[in-house]
Amino acid sequence: MLELGIGPEAVLLRNPTSQSDESRILVDGSASFSWQTRKIDASLSYAHNSGGGGGLLQGAEVHSATALVSHRFERIWTVGLHDGFRNVEQLSSLLSTGTAISYRNAYAGFSLQRNIGRSMTFNLNYDFQYQVENQLALPETLFRRNQVIAGLTFNLHPISLK
């Protein structure tokens, strides 16, 4: 399945220190492609939009791309791989520092799921994140993170309301 989206976005930014305003009209867009068979799910996606800036920026222009693929073995196991990339750039010129503030982040990981009976699933996920920041005080900062998550998901049967 292919999905495409495009449209305008009005952004109003206010600098609380100087009480000055800046407004912009941006073009947001997205594209995604997904493919599914009985045992394989795959998807690719790209998006361009504005965001809050992740606590570092007053507003940001964001480019992101992701890829996912998973394979079901029998009815019990599912193994998946995923990766992605984000580029976040300062949107406001209200913070005139002479240096554009931005950060790039890439991640990759895998997931393992095992069905336990009809209503429970065991999940194990691993993610590696790599981030490079161009901040105000430091010319470039590097951030790396490894994350492991394990859990159980319970799938309750639908409850009929009469």
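To be clear, the structure that these remarks concern was listed above.
Criteria and thresholds
Numbering of residues starts from 1 in each chain and follows the order in which that chain's sequence is written. Two thresholds apply to this predicted model, a pLDDT of at least 70 for residue-level local features and 80 or more for giving and counting side-chain atom pairs, whereas whole-chain, interface and lining totals are computed over all residues. The side-chain numbers reported here are obtained from all heavy atoms of the structure, hydrogens and water having been left aside. Elements are defined by DSSP. Helices are runs of H or I of four residues or more, strands are runs of E of two residues or more, and each kind is numbered from the N terminus. With a 1.4 Å probe rolled over the protein chains alone, any residue whose accessible area is under 20% of its type maximum counts as buried; one over 50% counts as exposed, and the rest are partly exposed. Two residues form a contact once any of their heavy atoms are found within 4.5 Å. Each accessible area is a Shrake-Rupley estimate made with a 1.4 Å probe; only the visible protein chains count as cover when residues are assessed. Definition used for salt bridges: Asp or Glu carboxyl oxygen within 4 Å of a side-chain nitrogen of Lys or Arg. The patch calculation keeps residues exceeding 30% relative accessible area without a salt bridge and links them within 9 Å when they carry like charges or within 5 Å when they are nonpolar (Val, Leu, Ile, Met, Phe, Trp, Tyr). For this analysis, a polar contact is any N or O atom pair within 3.5 Å, provided that within protein one partner can donate a hydrogen and the other can accept it, and provided that sequence-adjacent residues contribute only side-chain to side-chain pairs. Each pair of strands is called paired provided DSSP finds at least two bridges between the two strands.

Here's the deal with the overall build of the protein
Working step 1: The helix and strand inventory of the protein stands at 0 helices and 8 strands.
Working step 2: Shown N-terminal to C-terminal, the secondary structure of the protein runs as helices and strands in the order β-β-β-β-β-β-β-β.
Working step 3: Within the protein, the fraction of its 162 residues that count as buried is 23%.
Working step 4: Once local pairs closer than 6 in sequence are excluded, the contacts in the protein between residues at least 24 apart make up 47%.
Working step 5: About 11,200 Å² of surface is accessible on the protein, with carbon and sulfur atoms providing 60% of the total.

Brief notes about the environment of Asn 125
Working step 1: Examined against the element boundaries, Asn 125 turns out to sit in strand β7 (residues 120-134).
Working step 2: The residues contacting Asn 125, other than those within four sequence positions of it, are Phe 110, Ser 111, Gln 147, Val 148 and Ile 149.

Topic: the pattern of salt bridges
Working step 1: Within the structure shown, the criterion is met by 1 salt bridge.
Working step 2: Here Arg 72 makes a salt bridge to Asp 41, at a shortest N to O gap of 3.2 Å. With Arg 72 in strand β4 (residues 60-73) and Asp 41 in strand β3 (residues 40-51), the pair connects residues that are 31 residues apart, well separated along the chain.

Structural notes on the environment of Leu 124
Working step 1: By the element assignment, Leu 124 lies in strand β7.
Working step 2: Along the primary structure Leu 124 and Arg 114 are separated by 10 residues, whereas in three dimensions their C-alpha atoms are 8.9 Å apart.
Working step 3: When near neighbours in sequence (up to four residues on either side) are disregarded, Leu 124 contacts Phe 110, Ser 111, Leu 112, Val 148, Ile 149 and Ala 150.

With respect to a nonpolar patch on the surface
Working step 1: Together, Leu 2, Leu 4, Phe 33, Trp 35 and Leu 44 line one region of the surface with nonpolar side chains, adding up to about 590 Å² of accessible area.
Working step 2: Of all the secondary structure elements, the ones that give two or more residues to the nonpolar patch are β1 (2-15) and β2 (20-36).
Working step 3: Positionally, Phe 33 belongs in strand β2.
Working step 4: Judged by its relative accessible area of 43%, Phe 33 falls in the partly exposed class.

A word on the side chain of His 48
Working step 1: As for its placement among the helices and strands, His 48 is situated in strand β3.
Working step 2: For His 48, a relative accessible area of 15% translates into the label buried.
Working step 3: At 3.0 Å, the side chain of His 48 and the backbone oxygen of Val 27 are in polar contact.
Working step 4: With residues up to four places along the chain from it excluded, the contact list for His 48 reads Val 27, Asp 28, Gly 29, Glu 61, Val 62 and His 63.

Digging into the pairing of β3
Working step 1: As paired strands, β2 and β3 are joined by 8 bridges and run antiparallel to one another. The partner of Phe 33 across the bridge, within β3, is Leu 44.
Working step 2: The turn joining β2 and β3, which pair antiparallel and follow one another in sequence, is formed by 3 residues.
Working step 3: In terms of strand pairing, β3 meets β4 through 12 bridges, oriented antiparallel. Note that in β4 the partner of Tyr 46 across the bridge is Ala 65.

Considerations on unusual backbone geometry
Working step 1: One non-glycine residue, Glu 74, lies in the positive phi region at around 55°.
Working step 2: Within the secondary structure, Glu 74 is located in the loop between β4 and β5 (77-90).
Working step 3: A relative accessible area of 66% places Glu 74 in the exposed class.

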